[in-house]
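If you want the building blocks of each chain, they are given just below.
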Amino acid sequence: MRIIIEKGEMALSNSLILLLSSCSLFFLLAVARKELALDASDDEAYHFHTLQQSSFLPSSICNPSTLGGKKSGSLEVVHKHGPCSKHIEDTVKPLTVEEILTHDQSRVDSIRAKLAINTGKKDTLGSKTTLPAKSGSTIGSGNYIVTVGLGTPKKDLSLIFDTGSDLTWTQCQPCARSCYSQQEPIFAPSTSTTYTNISCTSTYCSDLNDATGNTPGCSSSTCVYGIQYGDQSFSVGFFGKEKLTLTSKDVINDFYFGCGQNNQGLFGGAAGLLGLGRAKLSIVSQTANKYGKVFSYCLPSRASYTGYLTFGNRGGGSNVKYTPLSTSQGNSFYGLDLLGMSVGGTKLAISSTVFQTSGMIIDSGTVITRLPPTAYSALRQTFRAQMAKYPLTKALSILDTCYDLTNFTTVAIPKMILFWGGNTNVEIAPEGILYPNGIQQVCLAFAPNGDDSDVGIFGNVQQKTLAVVYDVPGGKVGFAPGGCA
């Protein structure tokens with residue numbers, strides 16, 4: 001009987017062991033599942049941005065930045081299509097998103113033309129009303145505006161600033177042929193005590209070749225400039241020098257600029273253009289003794305915010321990461337070496353030779369970043385895979401990966417990092433990844449070039465909120481996050 005009890009106790013003990021083992025296994029599996037779920041959640045939090053649907057909607061309220069505007073040599077930057085420049089928009093009808101992207105493509109085409117090897121032919125301008133030849137076209141105007149003072153007494157003028165252009169110009173009275181509508185009164189050099197025309201024999205007149213892509217003309221011994229942009233906008237007029245006022249403490253005497261007598265185009269009500277390129281006549285080169293060919297800017301996250309453009313200050317503090325300037329794209333544009341990209345923590349399988357073949361420039365006036373088709377294809381495939389839960393919708397002009405976010409209150413988008421030369425990794429702000437045309441059409445803000453040999457362009461959408469520092473003597477460009485905050 002005792003043996004039977006012992007056997008029964010043994011059988012009971014074995015059953016308890018099996019039961020406990022099953023419970024333990026079940027518990028361990030449950031814990032494992034929970035940990036995997038947490039890991040997935042953590043992974044999404046680490047590699048994705050979570051945005052409110054409302055962040056894709058435009059705002060009618062201007063929110064000025066707390067940085068930049070108070071510094072020496074610093075100007076406030078506003079978007080020409082935003083509420084901070086609504087007084088400008090009152091003078092012209094705002095462009096649709098489709099029109100903006102169409103003009104953006106014209107600009108890109110013009111950049112490629114300017115970088116073409118065959119630049120031998122240049123047309124001569126016979127008079128102040130002669131249009132520059134189409135072969136002399138440079139890039140189209142940009143999207144961000146600063147206000148400067150010109151002349152004595154000082155007249156405030158809103159100018160589009162553009163790292164892809166060299167010549168600074170503004171519309172001038174008496175508008176010999178035509179002037180477009182602008183915000184402020186058109187500058188009248190006859191009322192300024194510090195304006196002087198430049199003679200045709202001046203070496204500064206000869207410098208217009210590099211700054212405009214056209215051979216200057218001559219009218220009554222006065223140098224005549226002409227410049228045409230990719231969207232067929234143009235400015236023709238006298239070449240002069242004048243007092244330029246950035247701030248009350250930042251005054252540049254004898255600043256060389258174009259005084260436009262015949263101007264047409266889509267400049268958004270701005271009075272002209274501020275050239276930040278690398279040629280001799282750019283404001284960067286003309287103020288080299290004062291600011292050392294160093295400038296920085298931050299483009300705001302939205303058109304309803306403001307940024308800054310600062311001369312002589314590297315900005316960004318100790319957080320700036322620098323990448324070397326590349327000379328492969330000539331001396332006019334700011335060339336950089338892009339090595340690779342990652343999306344949502346996944347490094348894209350793109351051969352380094354793809355970016356070496358195309359080269360890359362950074363440009364404040366191009367809206368959408370352009371990539372070699374091979375690189376863009378890898379980006380699109382990975383991005384679409386990580387955005388699979390959101391419904392695709394029709395393409396928007398040059399943007400082929402668009403989503404209808406109508407039924408989502410929040411949206412998780414994969415983080416994006418660009419790998420630049422000099423071991424510099426730059427994370428794109430969430431506002432620089434998607435380009436909205438309303439909630440029903442929110443698109444990946446990258447586009448492919450026509451061929452892998454076409455130059456890549458790091459556009460202004462992807463530069464949003466970054467402090468971008470140009471150190472020309474140091475041969476480098478730097479990036480720091482949160483530049484406008």
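Residues numbered from 1 in each chain as written. Predicted model: local features only at pLDDT ≥ 70, side-chain atom pairs only at ≥ 80, totals over all residues. Heavy atoms only, no water.

Caption draft 1: Examining the overall build of the chain more closely. Looking only at helices and strands, the chain has ten helices and 30 strands in total. Across the 485 residues in the chain, those meeting the buried criterion constitute 52%. Counting only contacts in the chain whose residues sit at least 6 apart along the sequence, the fraction spanning at least 24 positions is 72%. Summed over its atoms, the accessible surface of the chain is roughly 21000 Å², and 54% of this surface lies on carbon and sulfur atoms. (Helix = DSSP H or I, 4+ residues; strand = E, 2+ residues; numbered from the N terminus. Buried < 20%, exposed > 50% of the residue type's maximum accessible area, 1.4 Å probe, protein only. Contact = heavy atoms within 4.5 Å. Areas by Shrake-Rupley, 256 points an atom, 1.4 Å probe, with all protein chains shown as cover.)

Caption draft 2: Quick look at the layout of surface pockets. Size it by volume and the largest pocket reaches roughly 830 Å³. Surrounding the largest pocket, 33 residues form its lining, Pro58, Ala303, Tyr435, Pro436 and Lys464 being those nearest its centre. For the lining of the largest pocket, the secondary structure elements donating two or more residues are helix 3 (97-114), strand 25 (434-436) and helix 10 (460-463). The biggest single contributor to the lining of the largest pocket is strand 25, with three residues. Each residue belonging to the lining of the largest pocket can be placed in one class, and the counts come to 18 nonpolar, twelve polar and three charged. (1 Å grid on protein atoms, 1.4 Å probe; cavity = no way out; pocket = protein on both sides within 12 Å on 5 of 7 lines; lining within 4 Å. Points joined across faces, edges and corners; volume = space filled by probe spheres on them. Nonpolar A, V, L, I, M, F, W, Y, C, P; charged D, E, K, R; others polar.)

Caption draft 3: Quick peek at the packing of aromatic side chains. Here the structure, examined in full by the defined rule, presents 15 aromatic pairs. Aromatic pair phenylalanine 239 and tyrosine 256: ring centres 6.1 Å apart, planes at 35°, arrangement tilted. With phenylalanine 239 in strand 9 (residues 234-247) and tyrosine 256 in strand 10 (residues 250-264), this pair connects stretches of sequence that are 17 residues apart. Each ring, one from tyrosine 334 and one from tyrosine 470, has its centre 4.8 Å from the other, and the planes form 70°; the classification is edge-to-face. Remark: tyrosine 470 occurs in strand 29 (residues 467-471) and tyrosine 334 occurs in strand 15 (residues 334-336); sequence separation between them is 136 residues. Taking the relative accessible area as the measure of exposure, tyrosine 334 reaches 1% and is therefore buried. Linked through ring pairs, Phe161, Tyr291, Phe295, Tyr297, Phe311, Tyr334 and Tyr470 together constitute an aromatic cluster. Here the guanidinium or amino end of lysine 415 rests over the ring plane of tyrosine 46, the centre of that ring lying 5.9 Å away. One Lys or Arg, lysine 476, reaches over the ring of tyrosine 322 and ends 4.2 Å from the middle of that ring. (Phe/Tyr/Trp six-rings, centres within 6.5 Å; stacked < 30°, edge-to-face > 60°. Lys NZ or Arg CZ within 6 Å of the ring centre and 35° of its normal.)

These figures come from the coordinates and say nothing about function on their own.
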